Amino acid sequence: MTEAIYPGSFDPVTNGHLDLIERGSRLFSRLIVAVARNVDKAPLFSSEERVAMLREQVAGRFANVEVTSFAGLIVEYARQSGVHCLLRGLRTIADFEYEFQMALTNRRLAPDIETVFVMPSLRYSYVSARLIRETVLLGADMSHLIPASVQTKLRARLSTAREGKGGGAP
Ligand code: ADP
């Protein structure tokens, strides 16, 4: 089992996600970062934008990492891709219950697919995309927790949303 898919919403990519991608790129010979197109919550960035931001961060840094997007069940996407491993991150104990339920649900749907959990560096273990969106909206500089270009795009998107020009993913 040398290939894995790292699925998520990545709205937007944080240093915590990148920490996990780095660890995954060392564990697996090929890592596919897969952006979910059908997230329940209305995403701030479109799937194309989320993919583009991830690709920008991954380019030239991890030779064995690719970024794509998927719709529908992740286990179906994994099967179609011939990949039998899913990578997920465990930050705090709060992640555990949800991740546990999801891993067992996915196992029920696809017993041939295994979920592997990796913990990020302690300094990113409290970082979530939601926290980043909220703090940047309130004017904080979060450049120690997200890539600079992502923060620039996030500020622009949030100010558009605040001015009532629609916001959200186009
Ligand atoms: P989802 O909406 O599927 O939870 P996210 O983009 O929030 O999507 O997260 C995708 C995966 O990345 C999840 O397994 C999540 O636990 C993990 N993750 C998110 N932030 C971090 C972080 N700071 N450190 C480690 N893993 C993280």
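The coordinates are above.
Predicted model only: the values in this text are computed from it and were never measured.

A. Layout of the site of the ligand. In the vicinity of the ligand there are 17 residues, among which Y6, S9, F10, G89 and Y124 approach most closely. Side-chain polar atom of H17 to an oxygen atom of the ligand: 3.1 Å apart, as the coordinates give it. In the model, a nitrogen atom of the ligand is placed 2.9 Å from a nitrogen or oxygen of the Y124 main chain. Burial of the ligand by the protein amounts to 91% of the accessible area it has alone, namely 540 Å². Secondary-structure elements contributing two or more residues to the shell around the ligand are β1 (3-8), α1 (15-27), β4 (85-89) and α4 (93-109).

B. Local environment of helix α6 (residues 148-162). Given a rise of 1.5 Å per residue, 15 residues ought to cover 21 Å, and the 21 Å separating the end C-alpha atoms of α6 matches this to within 8%. Among the residues of α6, V150, Q151, L154, R157 and L158 are the ones counted as buried. Along α6, the residues classed as buried sweep out an arc of 130° about the axis, all on the same side. In α6, the exposed residues that point more than 90 degrees away from the buried face are A148 and T152. Check the buried side of α6 and you find it contacts α2 (47-58) and α5 (129-137).

C. Region of interest: the pattern of salt bridges. For the structure shown, the criterion picks out 13 salt bridges. Of the charged contacts in the structure, one is a salt bridge between R88 and E99, with a shortest N-O distance of 2.8 Å. Here E99 lies in helix α4 and R88 lies in strand β4, a separation of 11 residues in the sequence. When its relative accessible area of 5% is taken as the criterion, E99 is described as buried. E114 is paired through a salt bridge with R107; the nearest N and O atoms lie 2.6 Å apart.

The rules behind each value
- Residue positions are given per chain, counted from 1 along the sequence in the order it is written.
- A pLDDT threshold of at least 70 governs which residues receive local features in this predicted model, and a stricter bar of 80 or more applies before side-chain atom pairs are shown or counted, although totals over entire chains, interfaces and linings include all residues.
- Each side-chain value is worked out from all heavy atoms of the structure, with water and hydrogens disregarded.
- Being near a molecule or strand, for a residue, comes down to having at least one heavy atom within 4 Å of it.
- Whenever two N or O atoms come within 3.5 Å, that pair is a polar contact, provided that in protein one can donate a hydrogen and the other can accept it, and provided that, for residues adjacent in sequence, both atoms are side-chain atoms.
- Using a 1.4 Å probe, accessible areas were evaluated by the Shrake-Rupley method; residue-level cover was limited to the displayed protein chains.
- The secondary structure listing takes helices from DSSP runs of H or I that are at least 4 residues long and strands from runs of E that are at least 2 residues long, numbered from the N terminus.
- Take the number of residues in a helix, subtract one, and multiply by 1.5 Å to get its expected span.
- Only protein chains enter the calculation, and the probe is 1.4 Å; a residue is then buried if its accessible area is under 20% of its type maximum, exposed if over 50%, and partly exposed in between.
- Comment: arc refers to directions from the helix axis out to C-beta atoms.
- The contact criterion used throughout is that any non-hydrogen atoms of two residues lie within 4.5 Å.
- For salt bridges, the criterion is a side-chain nitrogen of Lys or Arg within 4 Å of an Asp or Glu carboxyl oxygen.

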